[in-house]
Amino acid sequence: MPIAGNMLSATTESVDPNTSGWAAKLNCTISKGTGGRNGDGTLRLSSLAAGEMQARTVASYPVEAGVEYEAFSDASGVTVPDRIGIQWLTAVNAEISISWSLTTLTASASWHRIAVADLAPAGAVAARVIVSAMTPAGSGVISHFENVYFGLPLRTTGNLLAFNTESMERDLSGWAVEANCSIARQVPMVQFAVGFYLGGGHMLAATVTANGDAAVRVAEKPAATAGVEYVAYAYLTPPTSGSTVWVELRFYDAADVQLQATRANLAAPGTGVYRQKVSAPAPASTAYAVLAAGITSGTAAQVFRVDGAVIMPAPKFREGSVVPYADGSFERDTAGWTVISGVAALARLTPWGTDFLDSSYAMTVTSSTATTSVVRSAVFPIGDAAGLAFTAEYGMKVVSGGFNLTRTIRWYDTSGTFLSASSSSSAAVPSPNWWLLSSQFIAPASAARAAIEWTLAATSPSSVLRVDRVALWQSLPITEVTKSDSSAYVTLTLRELTVDSTITVWRIGAGGSRSLVRGANGLIEGEPVLSDVLVIEDYEAPLGQSVSYYAEARNSSNVVISTRVSASITLAPGNVQYGWLKDPGNPLRNLRVMIAKGPDWQRAVTQTVHRVRGAKMPVILTDVRGGLEGDLVVYTQDDTERTRLHWLLDPNSVLLWQAAPGFGVDDMYVSVGQVSETRGGGVATDPFRTWTLPLTEVAQPTTVGVASSAGRTGYDVLAENATGFTVLTRYATGEDLLFGRRQV
């Protein structure tokens with residue numbers, strides 16, 4: 001799949017099926033190589049003589065001076081290091097300058113990421129991407145490039161930090177030395193997954209000045225809110241596998257007084273690149289958050305590296321879970337979990353990446369004897385919970401021995417006084433592999449806090465259990481439908497889905513007919529499940545007809561793992577004198593209009609009549625008959641409706657026309673031809689307008705996705721834009737701002 005937001009064509013990006021998007025620029029010939037990851041093709045550079053060789057994109061791409069752009073590529077060169085550049089051009093394609101990345105530290109035949117970002121200089125109206133292999137010793141030296149991107153910077157959605165602080169692809173202005181080191185940028189040869197575009201390229205390299213602790217920190221101060229739990233992480237490269245490198249999340253008040261610092265050490269298995277997370281709730285009086293990274297007891301001249309820095313609100317494993325991220329994922333330690341009784345020992349599983357359900361670590365519960373231990377979480381606030389159902393869920397994996405598990409929720413009042421406990425019967429933890437186990441209980445009167453407790457009876461000495469992805473949340477229907485008659489749509493909510501499965505969702509209509517439902521990427525058929533909750537707003541549900549929804553989830557082997565059926569629901573058609581014109585891809589534009597006159601339909605046909613001399617009957621050659629065509633006449637009653645109808649029609653998208661049932665008009669997708677807007681016969685100030693909309697029936701669009709903010713929040717707007725004026729210049733409308741559609 002092409003890289004989202006890439007200005008380059010799919011052929012130029014992947015070098016498939018040919019090299020037509022590229023041209024030799026310096027000291028090389030180009031051809032299509034093989035062995036790529038984004039498709040098999042690669043851009044193969046072969047040197048003509050000793051010296052640097054370069055290739056560039058054939059096309060140039062429009063840019064605006066002062067705006068930041070990013071270019072990256074995957075590269076492979078056996079004998080020479082490589083780099084990437086952005087060539088800035090004038091209106092007549094004259095070169096202004098080239099923004100080059102640093103050269104990779106060494107050559108590498110393994111695919112590795114090279115990247116650069118910069119602000120377009122004054123006078124730049126276009127740009128090209130240049131890839132370069134440095135100083136081959138002679139002719140016939142080969143380097144490969146593929147998976148190439150050019151466009152606006154790609155950053156982690158929700159990150160409080162600016163792109164350059166996260167990535168360091170432009171410079172180190174987003175970072176500062178805190179103690180005992182110097183910093184520079186380097187491009188080590190790092191291979192990330194082919195579809196992961198938020199890491200690689202430049203990394204911050206901190207060189208320890210003298211023996212001892214050393215640290216760096218972000219220089220910017222992103223705003224944070226007291227009471228909100230945040231997670232911070234960075235990709236770290238330790239100088240040795242035994243080095244203690246770490247990330248730290250800090251909170252400060254408005255007077256720059258540090259209120260809290262939470263550190264997580266990386267348990268590195270080697271000297272590669274490893275993501276280390278840390279999380280904490282922001283304390284009272286918090287004004288901003290900071291991420292720091294460092295090394296404990298470093299040796300002079302040692303180098304540790306940092307990349308992909310992120311601070312963001314902490315995720316939840318289940319919608320509404322009250323378990324803090326630290327207590328559910330164990331990325332720092334075992335958080336608030338304790339052994340209440342018995343011989344069990346708790347620890348964070350190390351080293352990094354050994355086994356986990358989330359991120360990089362899990363918690364281990366080790367029982368040295370075949371006895372019973374009780375393990376309990378911290379106490380979590382659950383609000384006024386009396387009489388409400390709560391679900392506790394956790395991933396467990398038996399590594400050795402075995403355990404019989406009794407699942408319990410302990411209830412407390414607002415002051416923390418214990419009220420009662422709700423428990424399940426004892427049952428064996430299933431084995432082998434990871435299992436998601438859950439239990440549901442009703443909170444008693446006065447319950448306002450809760451803790452999760454496990455009674456673990458080891459069935460043999462040296463029994464070991466791993467735990468990850470712990471959650472506790474108020475139980476809600478796993479399938480729920482609601483409606484908005486005023487806006488004519490149905491909301492379908494699917495909860496407790498399995499992340500990394502795929503899902504298909506159908507609307508079930510009269511007589512059991514099935515229609516795929518539209519999501520952010522088009523009709524939802526085999527879409528990846530990225531969250532445990534999927535909320536669909538179905539604007540194409542019919543008016544006045546009972547519908548329900550059926551969803552089917554499949555695993556990576558394409559085996560059905562779950563199905564859901566919703567209750568039935570009916571959208572009220574409202575005043576039958578009105579109908580709806582809807583844009584499937586932009587439901588914000590949908591408009592209910594008064595109908596003046598429904599279409600008198602025609603159905604065109606292409607045919608040729610041949611009259612044979614001497615024969616009474618002609619020979620007719622004909623195609624199939626086309627869809628409906630006719631003029632729909634509607635009214636707008638004021639200037640607001642008139643403006644909204646223009647707004648709906650302006651993109652000239654395929655629209656959905658819906659009338660109330662009983663008028664003999666089925667819902668249909670239409671293309672609108674040349675529109676006429678006429679005034680009434682009254683006074684000149686009369687806002688009433690009559691519109692004639694020529695409609696042609698067309699097929700339902702399948703790949704049009706419902707416009708979505710894709711997780712964008714005000715944090716992203718603050719991180720991406722320095723001032724309000726920047727927002728005004730980058731986004732033409734509030735809708736563009738909401739959906740992240742930058743104009744420049």
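Check the entry above for the structure.
In this text, all values refer to a predicted model and were calculated from it rather than measured experimentally.

Enquirer: I'd like to hear about the nonpolar core, residue by residue, with values.
Expert: Grouped together as the largest cluster of nonpolar side chains are 41 residues, with contacts concentrated most on Trp175, Leu204, Leu236, Leu249, Val306 and Ile311. Only β14 (203-208), β15 (212-218), β16 (229-237), β17 (244-252), β19 (274-281), β20 (288-298) and β21 (303-313) provide two or more residues apiece to this core. In this structure Ile311 touches Gly158, Asn159, Leu160, Leu161, Pro222, Val231, Ala232, Leu249, Ala289, Val290 and Leu291, once residues within four positions along its chain are discounted. With 34 residues, the next largest nonpolar core counts Tyr394, Leu437, Leu465 and Val467 among its residues.

Enquirer: Before we move on, can you summarise the sheet that holds strand β41 (residues 534-538) with the specific residues and values?
Expert: Strand order in the open sheet made by the 3 strands is β34-β35-β41, with antiparallel pairing throughout. In this open sheet, the two edge strands, each paired with only one partner strand, are β34 (479-484) and β41. Direction aside, the axes of adjacent strands within the sheet are offset by 15° on average. As paired strands, β34 and strand β35 (residues 489-494) are joined by 6 bridges and run antiparallel to one another. Its bridge partner lying in β35, Glu480 is registered against Thr493.

Enquirer: Lay out the sheet that holds β20 in plain terms, naming residues and giving numbers.
Expert: A sheet is described by the order of its strands in space; here 5 strands give the open sequence β12-β15-β20-β17-β18, paired in antiparallel fashion. Pairing within the sheet leaves two strands with one partner each, and these edge strands are β12 (175-179) and β18 (258-265). Strand-to-strand twist of the sheet, defined as the mean angle between neighbouring strand axes without regard to direction, takes the value 25°. Note that β17 and β20 share 9 bridges and pair antiparallel. Across the sheet, residue Val247 finds its bridge partner in β20, namely Ala293.

Enquirer: So, empty space enclosed by the protein: which residues are in play, and what are the values?
Expert: All chains considered together, the criterion is met by 3 cavities of 30 Å³ or more. One number sums up the size of the largest cavity: a volume of about 90 Å³. Lining the largest cavity are 14 residues, and of these Glu70, Glu169, Tyr197, Leu198 and Gly199 sit closest to its centre. Elements with a contribution of two residues or more to the lining of the largest cavity: β6 (68-77), β9 (108-119) and α2 (163-167). No other element matches the 3 residues that α2 contributes to the lining of the largest cavity. Its residues placed into classes, the lining of the largest cavity shows 6 nonpolar, 3 polar and 5 charged. Around the second largest cavity, the lining residues are Arg518, Glu537, Asp538, Tyr539, Glu540, Lys582, Asp583, Pro584, Pro587, Asn590, Leu656 and Val706. Its residues placed into classes, the lining of the second largest cavity shows 5 nonpolar, 1 polar and 6 charged.

Enquirer: Which residues make up helix α4 (residues 639-649), and what values go with them?
Expert: For α4, every residue scored as buried is listed here: Glu641, Leu645, Leu648 and Leu649. One side of α4 carries all its buried residues, which in axial view fall inside an arc of 90°. In the core, the buried residues of α4 are packed alongside β45 (578-582), β46 (591-597), β50 (628-636), β51 (655-659), β52 (668-672) and β54 (689-698).

Enquirer: Hey, could you go over the layout of surface pockets for me, with residue numbers and the actual values?
Expert: Taken as a whole, the second largest pocket encloses approximately 370 Å³ of empty space. In this structure, the second largest pocket is lined by 19 residues; those nearest its centre are Arg507, Glu540, Pro542, Gln545 and Asp667. Among the residues making up the lining of the second largest pocket, the classes are represented as 10 nonpolar, 5 polar and 4 charged.

Each value, and the rule that gives it
- Residues numbered from 1 in each chain as written.
- Predicted model: local features only at pLDDT ≥ 70, side-chain atom pairs only at ≥ 80, totals over all residues.
- Heavy atoms only, no water.
- Core = buried A, V, L, I, M, F, W, Y, C linked by side-chain atoms within 4.5 Å.
- Buried < 20%, exposed > 50% of the residue type's maximum accessible area, 1.4 Å probe, protein only.
- Helix = DSSP H or I, 4+ residues; strand = E, 2+ residues; numbered from the N terminus.
- Contact = heavy atoms within 4.5 Å.
- Pairing = 2+ DSSP bridges.
- Axes fitted to C-alpha atoms, helices over the stretch in contact; angles between N-to-C directions.
- 1 Å grid on protein atoms, 1.4 Å probe; cavity = no way out; pocket = protein on both sides within 12 Å on 5 of 7 lines; lining within 4 Å.
- Points joined across faces, edges and corners; volume = space filled by probe spheres on them.
- Nonpolar A, V, L, I, M, F, W, Y, C, P; charged D, E, K, R; others polar.
- Arc of directions from axis to C-beta.

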